Amino acid sequence: MAAPLAFLTEALRDAAARLGAPEDFEAARFVQRNRGGGERGDVQVNAAFALAKTLRRNPAEIAAELAGAIDAGPLFAPGEVSGKAFVNFRLRDEWLVERLAADVALTPAAEPERVVVDFSSPNVAKEMHVGHLRSTIIGDSVCRHFEARGHSVDRVSHVGDWGTQFGMLIRHLDDVADPSTLSIADLDALYKEAKRRFDADEAFRDEARQRVVDLQAGEPRARELWELLCEGSRAEFHELYDQLGVDVREVGESFYQPLLAGVVADLEEQGLVEVSDGAKVVFVEGFTTREGTPLPLIVQKADGGYNYASTDLAAIRHRVEQGFDRIVYVVDHGQSQHFEMVYAVARRAGWLPDDVEAVHVPFGLVLGEDGKRLRTRSGDSVALRSLLDEAEERGRALAHEHGAPEDVGSHLGLSAIRYAELSHNRMTNYVFSFDKMVSLEGNTAPYMLYAYARIRGIVDKARGADEVAGAGGERPLDDSERALAKVLADFEDVVDRATAEYQPSDVSEYLFAVSQEFNRFYERSRVVSEGRVDPLRLRLCEATAGALRTGLDLLGVRVLERI
Ligand code: ARG
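Let us look at the structure shown here.

Rules of the game
Residues numbered from 1 in each chain as written. Predicted model: local features only at pLDDT ≥ 70, side-chain atom pairs only at ≥ 80, totals over all residues. Heavy atoms only, no water. Helix = DSSP H or I, 4+ residues; strand = E, 2+ residues; numbered from the N terminus. Contact = heavy atoms within 4.5 Å. Areas by Shrake-Rupley, 256 points an atom, 1.4 Å probe, with all protein chains shown as cover. Lys, Arg positive; Asp, Glu negative; His and termini not counted. Charge placed at Lys NZ, Arg CZ, Asp CG, Glu CD. Pairing = 2+ DSSP bridges. Axes fitted to C-alpha atoms, helices over the stretch in contact; angles between N-to-C directions. Near = heavy atom within 4 Å. Polar contact = N/O pair within 3.5 Å; in protein donor to acceptor, adjacent residues only side chain to side chain. Nonpolar A, V, L, I, M, F, W, Y, C, P; charged D, E, K, R; others polar.

Re the overall build of the protein chain
Right, so step 1: Within the protein chain one finds 20 helices and 17 strands.
Right, so step 2: Taking the principal axes of the C-alpha coordinates as reference, the protein chain spans close to 85 × 65 × 40 Å.
Right, so step 3: Intrachain contacts of the protein chain at a sequence separation of at least 6 include 72% that bridge at least 24 residues.
Right, so step 4: Counting only carbon and sulfur atoms, one obtains 48% of the accessible surface of the protein chain, whose full area is about 26000 Å².
Right, so step 5: When the 66 positive and 95 negative side-chain charges of the protein chain are each reduced to one mean point, those points stand 4 Å apart.

The structure is reproduced here in structure tokens:
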């Protein structure tokens, strides 16, 4: 179903073209929602000034012509010029009412894309840290936004399962009597111990380097130990994914191993490679160090080994060859430069054509209550498992307090952690606070889930009432009804923008606004009075519940019909 902004943007584009606007006229920039409504209408078009400038005409005249030329369709009353050159549009009550539906169906994309979303992407033999939690939750929600429109999404975790660190791990495991009995919880400790030996002991270092060579050559024992490490980590990662309800498949860095030599050879053939301190590098225009000297992307190290960048180049090339239209990386903002350089080299090499979009979706840090990067008291990064367990614990306590069952509590807690992540603009650093995220006040999962269940309760009760007065509810809307209907009509516009900007928090903010508008409406309006149901108000309740359910689903939060 068309949403007001998208509809009017299209209509403006057509009208402007008829007035002689150039092809690159950006209609979307000139169509604005008017929260207050009133005299300025519900949506305002302020394109007349810009058009007047390009067409060398008078803005007021253009505005008058636009008002006549923009097809307001069934959504709006005809446009009215106000001020110097604004054109205001008021939504028709009939349309607002007609589109109220218990099920919010998102319009399927006209041209479904094949999208790969590279997210989560933890590293083998290391504990997933909160940065990976952010990537996992944001990434999953980004996938859901695309899936909801009918795009085909490949959910991929680019697991760090290759590289020189495996030499040291394998060398260390050579000394462990029976590595297969190692528990997963030991992996992180194992990594630290291997690293300690690597840093302290020269002979160990040399042997570790040899073990990398062994691994690459497929020596059976090295290979076996490597697989053990990968398997153990994978099991651990998947327990967390299950707990969080996230679906993702692993395509580790090792997968691209056989393609790396070809990547570098091709770059050399194209004359893009230079040798710097023995390493093979590509200089990318526009990238410099802090001191202003040109900054290269290293594609093969001096010792002949490949690195993170060569692997990402191979991955991008492979993904384009697989026919993906869009490649999305949900990775912390510290890696922005890495991705920009990888894209630039891939474009230069002809592996990333102009019609394939490569997007880095960065995010900020998770902070502790002290305002510093979230750490345990001993200064280690916090284990995700302990965070999820505590979230469940907190949720159960909340449920207990309100007489709800235990499983509801776990759901509240895990939803809380997820929702807390998605209710912040992803670029801001946010403070991780259990107290805040399980609070029933403010924009939290428990608040939203209770709000939904409460509205469902209202709907159920109303449906059980004796009499439903009238069938369709065709009558003018009062102010609070209209305000709620209007906010509900924005759903698809909001989802569109959130998808285009990879910003799930836009949806969260919107859902919070919807529930607040609902509260205002419900304070003023009786849905059932003296056994008679007001059908229009019942529809408003149902539509609100539908918007909350569909919106929360985009955030990966499953609603509960009753709490
Ligand atoms: N494993 C990396 C890390 O933990 C993230 C990988 C992101 N994806 C990629 N294609 N580089 O930082």
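Next comes the rest of the description.
Section: the sheet that holds strand β11 (residues 326-330)
Through backbone hydrogen bonds, the strands of a sheet pair up, either in parallel or in antiparallel fashion.
Right, so step 1: Reading across from one edge, β7-β6-β5-β11-β12 is the order of the five strands in this open sheet, with parallel pairing throughout. The outermost strands of the open sheet, each flanked by one partner alone, are β7 (249-250) and β12 (357-361).
Right, so step 2: Here five bridges tie β11 to β12, and the two strands are oriented parallel to one another. Considered in β12, the bridge of Ile327 is made with Ala358.
Right, so step 3: Packed on one face of the sheet, helix α11 (residues 308-321) meets β5 (114-118), β6 (152-157), β11 and β12 and runs near 145° to β11.
Right, so step 4: Here helix α12 (residues 336-348) sits on the sheet in contact with β11 and β12, set at roughly 175° to β12.

Side note on the site of the ligand
Right, so step 1: Neighbouring the ligand are the residues Asp118, Ser121, Asn123, His132, His158, Tyr308, Asp312, Tyr329, Val331, Gln335 and Phe339.
Right, so step 2: Measuring from a nitrogen atom of the ligand, one finds a backbone N or O atom of Ser121 at 2.9 Å.
Right, so step 3: Residue His132 places a side-chain N or O atom 2.9 Å away from an oxygen atom belonging to the ligand.
Right, so step 4: A total of 350 Å² of accessible area belongs to the ligand in isolation, and the protein chains cover 90% of it.
Right, so step 5: Among the residues making up the shell around the ligand, the classes are represented as four nonpolar, five polar and two charged.

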